[in-house]
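So the chains spell out like this:
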Amino acid sequence: MGSLCLNSLPLPPPSSHSHSHSLSSVNYSNGNGHVSHVKLGGGVGGEAEGESLSFKPIVISGNPPTHVSAPGRRIVAVGDLHGDLDQTRSALEMAGVLSNDGQNLWTGGETVLVQLGDILDRGEDEIAILSLLRSLDIQAKAQGGAVFQVNGNHETMNVEGDFRYVDPGAFDECSNFLEYLDGYRDDWEEAFVNWIGVSTRWKEDRKMPQNYWGPWNLVKGPLWGQTPLMLEMRVFSDILGQRQKGVIARSVLMRPGGKLACELARHSIALKVNDWVFCHGGLLPHHVAYGIERLNREVSLWMRGLTETDDGPGIPFLATRGYDSVVWNRLYSRDSSEFEDYQVEQINSILEETLEAVDARAMVVGHTPQTAGVNCKYNCSIWRIDVGMSSGVLNSRPEVLEIRDNKARVIKRKRSTFSELQAVDYT
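Residues numbered from 1 in each chain as written. Predicted model: local features only at pLDDT ≥ 70, side-chain atom pairs only at ≥ 80, totals over all residues. Heavy atoms only, no water.

Chemist: Even after reading the chapter, I still don't get the nonpolar core, so can you show me in this structure?
Modeler: When a protein is soluble and globular, its nonpolar side chains tend to lie buried together. Formed by 99 residues in total, the largest nonpolar core has its most connected members in Phe177, Phe278, Met363 and Trp383. If you tally residues by element for this core, the top one is helix α2 (residues 126-141), at eight residues. Not counting residues within four places of it along the chain, the set of residues in contact with methionine 363 comprises Val277, Cys279, Gly282, Leu283, Tyr332, Leu351, Thr354, Leu355, Ser381, Ile382 and Trp383. (Core = buried A, V, L, I, M, F, W, Y, C linked by side-chain atoms within 4.5 Å. Buried < 20%, exposed > 50% of the residue type's maximum accessible area, 1.4 Å probe, protein only. Helix = DSSP H or I, 4+ residues; strand = E, 2+ residues; numbered from the N terminus. Contact = heavy atoms within 4.5 Å.)

Laid out in structure tokens, this is it:
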């Protein structure tokens, strides 16, 4: 199944929506320490043809990406999305990286967007969100920007086959998506990127009629003449069959080596962009000592159904299992009022040790919904950006974190405008 995986960071074609002909540059690593320099068509709007960009190229090392040098770039971080496409769009539009006309166009120029995982579960449009982010990444690279994702605990749970938190509509999306793939044969890249443009139509076309129990069905439809018990059994059988089909489809797509598992394998568990480190739950000193690139590689191989010795996949416990694993850790995200003063000092010390080990100014995490909105703690060395925006969680107002020149601010929507919630200047 490894041949199905797209884990080599393929170079995107020039965006068909670019209106500039200047060149932007991105460097790609092959994961073995060799970095190749590639020029991509497109540019930031407003540049004259032949005019050089103001920023140096983005350099990505590790496969999946572990370290990213993006000199001068604006960085935007978005927290847990949990299958809510409408809230995802709202957050990305608010961040200035997605067009608000429904055309799914990248508007961020050279911005670097980082999404912190937990796209899966609790909502019904998971694959559509993954498709949207991939499409935006292709467009962003054509303009000198980039889109990165880190996997969360709900991504690793689904690859393990833990479907406890899957929304019924998400099972349906898996069925629809698997059927849709038949029309593309082996062209996964095109099929996956195009799904965001057709997913809503597929969902509507295949949705079970809301009036299934209605008078039309009982009087004129195929249920006419059946007893109430027979009707109940038939409806239950239809629903059960549809759900069973969805579970099977999800298992095929999400199992190690499956097409969606391989898509997730392209992404990191932890990612450092400039002086900031991004992960879903939180890094600890022993994670850094083990090796961030090593953790990323082991999780990617497991998701692809491989190991470095090809003798069978093994679940990378340190990254994906246990309360102190990278994707499950909540040490930095819990309310400090839950701790005694000495415990707060200990946590601050652990955080400082981790950041020093990874040579970062601050860490950005998701995973634990912050009812007060995006916030920072421990001298703003940790930013917690999961606001529970999905309708399957808190259905809260989207908020995103913006980083410019190591200055962080929270952007949130207030009625129809944007407002700055907090600004922190790092010197």
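Chemist: It is not clear to me how the packing of aromatic side chains should be interpreted in this structure. Could you clarify?
Modeler: Any aromatic ring pair is given by two values, namely how distant the centres are and how the planes are angled relative to each other. One pass over the structure, following the stated rule, counts nine aromatic pairs. Taking 4.8 Å as the distance between ring centres and 55° as the angle between the ring planes, the aromatic pair formed by tyrosine 180 and tryptophan 195 counts as tilted. Placement of tyrosine 180 in helix α4 (residues 168-181) and of tryptophan 195 in helix α5 (residues 188-206) is noted, with a sequence separation of 15 residues between them. Each member of the pair, tyrosine 180 as well as tryptophan 195, is classed as buried. Taken together through their ring pairs, the aromatic side chains of Phe177, Tyr180, Tyr184, Trp188, Phe192, Trp195 and Trp202 make up a single cluster. When the ring centre of phenylalanine 163 is taken as origin, the NZ or CZ atom of arginine 250, which lies over that ring, is 5.6 Å away. The cationic tip of arginine 294 hangs over the ring face of tyrosine 290; the distance from NZ or CZ to the ring centre is 3.8 Å. (Phe/Tyr/Trp six-rings, centres within 6.5 Å; stacked < 30°, edge-to-face > 60°. Lys NZ or Arg CZ within 6 Å of the ring centre and 35° of its normal.)

Chemist: Which parts of the structure should I look at to understand the side chain of asparagine 158?
Modeler: One can find asparagine 158 in helix α3 (residues 153-160). Side chain to side chain, asparagine 158 and arginine 250 meet in a polar contact 2.9 Å long. Not counting residues within four places of it along the chain, the set of residues in contact with asparagine 158 comprises Leu120, Asp121, Phe163, Val166, Arg250 and Met254. (Polar contact = N/O pair within 3.5 Å; in protein donor to acceptor, adjacent residues only side chain to side chain.)

Chemist: Explain the pairing of strand β7 (residues 146-149) to me, please; I cannot follow it from the model alone.
Modeler: On a regular strand, each side chain points to the face opposite its neighbour's, so the side chains alternate between the two faces of the sheet. The alternating pattern of β7 places Ala146 and Phe148 on one face and Val147 and Gln149 on the opposite face, and all of these are buried. Of the strand pairs in this sheet, strand β6 (residues 112-115) and β7 are connected by four bridges, and their pairing is parallel. When the bridges of β7 are listed, valine 114 appears paired with phenylalanine 148. In this view, the connection linking β6 to its parallel neighbour β7 by way of α2 has right-handed handedness. (Pairing = 2+ DSSP bridges. Right-handed = clockwise from strand over helix to strand, strands pointing away.)

Chemist: Could you clarify how one ought to interpret the pairing of strand β3 (residues 58-61) in this entry?
Modeler: On β3, burial follows the alternation: Ile58 and Ile60 on one face are buried, whereas Val59 and Ser61 on the facing-out side are not. Two strands pair when backbone bridges link them, and β3 and strand β4 (residues 67-69) are joined in this way by three bridges, in the antiparallel orientation. Each bridged residue has a counterpart across the sheet, and for isoleucine 60 the counterpart in β4 is valine 68. Linkage of β3 to β4, two consecutive antiparallel strands, is achieved through a turn of five residues, within which glycine 62 is found at a positive phi near 95°.

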